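What follows is each chain in one-letter form.
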Protein chains: 2
Amino acid sequence: MKKYAFGVDIGGTTVKIGLFETNGELSQKWEIPTRKEGNGSKILPDIAASLNDKLKELDIPKEEVAGVGIDVPGPILDDEIVNRCVNLGWGVFNVAEKVRKLTGLDKVKVANDANAAALGEMWQGGGESHQNVVMVTLGTGVGGGIISEGKIVAGAFGASGEIGHMLVNKDETQLCGCGKKSHLEQYASATGIARKAKELLAESSEESSLRGVDQLDAKAVFDAAKEGDKLALEIVDFVGETLGTALASISCVFDPEVYVIGGGVSKAGQILLDTVQKHFVDAAFHASGGTEFALAQLGNDAGMYGAVKMVL
Amino acid sequence: MKKYAFGVDIGGTTVKIGLFETNGELSQKWEIPTRKEGNGSKILPDIAASLNDKLKELDIPKEEVAGVGIDVPGPILDDEIVNRCVNLGWGVFNVAEKVRKLTGLDKVKVANDANAAALGEMWQGGGESHQNVVMVTLGTGVGGGIISEGKIVAGAFGASGEIGHMLVNKDETQLCGCGKKSHLEQYASATGIARKAKELLAESSEESSLRGVDQLDAKAVFDAAKEGDKLALEIVDFVGETLGTALASISCVFDPEVYVIGGGVSKAGQILLDTVQKHFVDAAFHASGGTEFALAQLGNDAGMYGAVKMVL
C-alpha cells in the first residue's frame, strides 16, 4: 500500500523537501542547498540522493511511496518538461523522467513554483474547501497561480498566472523588470509600494510619520497606515485600488471562488485584504461580486504542499 | 451503437437545432421559434417535441442517440442548472433534468452560449487542432469563452469569459451596458466603434470619406479603412490597440494557444486580425508572444456545434 509521498520545492538557494503521509499530513521536512554550478546539473542528483537516504533512514520500501511532486522557478510543459529556468541554469529537458531514473520511483510530476503554491493553498491553506482558486503572491515581484476544478492551469506557453504583467496603467513611463511597462507588478509589489511611497512623499508637503522612517519599504507603509497616518493610508488605498481593479478584470477571464493573497506584502494582513476587496467589489462584473478573499496560510511551504498534492 | 446526437442553441428569437452524426458531421439543421410567453415555460417542451418528431421522422431509435447538448444565453452551473436567464424569462432550475424527462434521452448537458461557441470553434472552426482557446465575440457587445484542455471553463459564478467587462481605461465617463464603466465592450463592440467614429469626426477637422456616410457603423469604418481613409485607419488602430492590449492581459491570466475572433465586427477580416495581433505582440508578456490569431468560421452555428460536442 502507498503510505508516503515527497513534495520538493526547488528554489534558487535551497531545496525544501517534505515527506508526507498519503492522507496529506506532513511527517518531516528538511532542506538541502541548491548547487547551481555546472548549469545546475547537480540539483536533481542531490535531491534524489536525499530522498533515497531518507527512505533508507526510515526503512520505507519504495513500494510504499506514491510519488514525487516537484516545483521549480520556471515554466513547465505537460507536468514534466522545464522550458528554461534561468535561476537554476537549466535549459529545456524532462525533469520528471530524470527524477524517475535517479530514484526508481515511477510517479513524478513537475509544476511551476507559483502554480504549485496556489495548489498547496487550495489544498491545506487559505483556499481550503475550494476548487477554483487564484493565488496572488505579492513579493519583490507579483506572481500568481490559477487552479481550475482542483488542477493547475499551466497555459499554452507556461504563462497562465503571470498576473504581475497584466497592463493596468497605460501612462506609465518606467519599465517593469520584464522589459515592458504599465504592469501590475510595478504598483502592487513590495518594490512598487516603496516607489509609490517615495514619489508621494516627494510630491506632497503633508506631514507623515513616514518622513522619519529609516527604511521606507512596504512594511513601513502598512505599519504607518495601521497607525492612521494619512499619507500611508493614501498609498495603501492606491495599492488596493490597482490590485482590486486588476482582480476584477481577472474575474472576467477566469472567475474563481476565492482569491488567496500571499507573499511578503501579505503580512500586512487584514488592512490589505479589506482594501483590495473593497475596490474589487466596486469594479467587478455583478456576477462575481461575492468572490471571497483570504490570506495565504502556508508561507514558504506552499510550493512543497502543492508539489506533493500533484501525485496524491 | 450510438450514431447520432443533437446540438441545440437557444436564442432569444429562435432555437437552432442540429442532428449530428457521432463522427461530428452535421446531418440536418432546422429552427423553431423561441416561445417566451409564460416565463419561457414552453421552450423546453417545444424543443423536446421537435427532437422526438425528428427521431420518428427518420426512424432513429433512442438507443442510437448519444445525447443532447444545449446552450442558453445565460450563466450555467455544473453543466446542468441555469442561473437566471433574463432573455428567456427563466429563473434558476435544472435544464438538463427537465430535458431528460421530456425526451427520455439520458445524456444531456447545458452550457452558456458564448462558452459553447468557443467550444464549437475549437472543435471544427477557427481554433481547430487546439485544446486551449479563447474566443472573442465582437457584436453589439463583447463576449468571450475560455476552453482549457478541450473543456469549457465556466467559472465559479458563471462569469469566466465575460471579457467585455474587463477594465481597460479608468478615465471613461460613460457607462457600460452592465451599469459600471471603463469596460472593453465600450470600445471594441460594434456600438463602441461607432461611438469612437462619431467622437473623432466631431473632434477632428480632417477630411474623411466617413463624413458622407449615411450609417456610421463599424462596417463603414472598416470599409473606409480598407480604402486607406486616414481617420478610419486611426479608429481601427485604436480598436486594435484597446483589444490587443486587453488580450495581452488575458494571456497573463489564462494563456491560450489561439485567440479566435468572431461576431459581426469580425467580418472586417484580416485588417482587424492584423491590427489586434500587432498590438497584442507589442504588449504581451514575452512567453506568450507567439500566440496565434484566427477568425471564427462557424458563424451563427458555433453554439450548436459546441453544444453537441459536450455530449460526444
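Residues numbered from 1 in each chain as written. Chains lettered and ligands numbered in written order. Predicted model: local features only at pLDDT ≥ 70, side-chain atom pairs only at ≥ 80, totals over all residues. Heavy atoms only, no water.

Before going further, it helps to spend a moment on the nonpolar core. Core analysis: the biggest nonpolar cluster contains 98 residues, and Leu-247 of chain A together with Leu-247 of chain B have the highest contact counts within it. Excluding its chain neighbours within four sequence positions, the residues that come into contact with Leu-247 of chain A are Val-136, Tyr-259, Ile-261, Val-276, Phe-280 and Phe-293 of chain A. (Core = buried A, V, L, I, M, F, W, Y, C linked by side-chain atoms within 4.5 Å. Buried < 20%, exposed > 50% of the residue type's maximum accessible area, 1.4 Å probe, protein only. Contact = heavy atoms within 4.5 Å.)

You'll often see interface size given as the accessible area lost when the parts meet. Residue and element names in this part refer to chain A. When the domains of chain A are assigned, the result is domain 1 (4-119 + 301-309) and domain 2 (129-296). Computed over C-alpha atoms, the centres of domain 1 and domain 2 are 30 Å apart. Facing 10 residues of domain 1, the contacting portion of domain 2 comprises 12 residues. Together domain 1 and domain 2 conceal approximately 800 Å² of surface at their shared face, both sides included; 65% is due to carbon and sulfur atoms. Summed over the shared surface of domain 1 and domain 2, the result is 0 salt bridges. Per element, the largest residue contribution to the side of domain 1 that touches domain 2 is 6 residues, and it comes from helix H4 (residues 113-124). (Domains from an automatic or database assignment. Buried area = accessible area lost by both parts, 1.4 Å probe. Salt bridge = Lys/Arg side-chain N within 4 Å of Asp/Glu carboxyl O. Helix = DSSP H or I, 4+ residues; strand = E, 2+ residues; numbered from the N terminus.)

Further remarks concern the interface of chain A and chain B. Listed by partner, the interface residues are 41 residues for chain A and 41 residues for chain B. With both chains or domains summed, chain A and chain B bury close to 3100 Å², and 63% of this area falls on carbon and sulfur atoms. When the area that chain A buries against chain B is broken down by residue, the three leading residues are Phe-157, Val-253 and Phe-285 of chain A, summing to 22%. For the pair chain A and chain B, the interface holds 0 salt bridges. If you look at where chain A meets chain B, you find 26 residue pairs in polar contact (both at pLDDT 80 or more). (Polar contact = N/O pair within 3.5 Å; in protein donor to acceptor, adjacent residues only side chain to side chain.)

Turning our eyes to something else, we now look at the packing of helix H4 (residues 113-124) of chain B against helix H10 (residues 302-309) of chain B. Residues and elements named next belong to chain B. Closest axis-to-axis distance for the H4/H10 pair is 6 Å, and the angle between their directions is 85°. Our classification of the angle between H4 and H10 gives roughly perpendicular. On H10, the residues that touch Ala-116, Ala-117, Leu-119, Gly-120, Glu-121, Met-122, Trp-123 and Gln-124 of H4 are Ala-302, Gly-303, Tyr-305, Gly-306, Ala-307, Val-308 and Lys-309. In terms of residue class, the contact of H4 with H10 is built from 9 nonpolar, 4 polar and 2 charged. (Axes fitted to C-alpha atoms, helices over the stretch in contact; angles between N-to-C directions. Parallel < 35°, antiparallel > 145°, perpendicular 65-115°, else oblique. Nonpolar A, V, L, I, M, F, W, Y, C, P; charged D, E, K, R; others polar.)

Attention shifts here to the pattern of salt bridges. Residues and elements named next belong to chain A. Scanning all chains against the criterion turns up 22 salt bridges over all chains. Its salt-bridge partner being Asp-282, residue Lys-278 comes within 4.0 Å of it at the nearest N-O pair. Here Asp-282 and Lys-278 lie together in helix H9 (residues 270-283), a separation of 4 residues that amounts to about one turn. Residue Lys-278 is classed as partly exposed on the basis of its relative accessible area, which comes to 46%.

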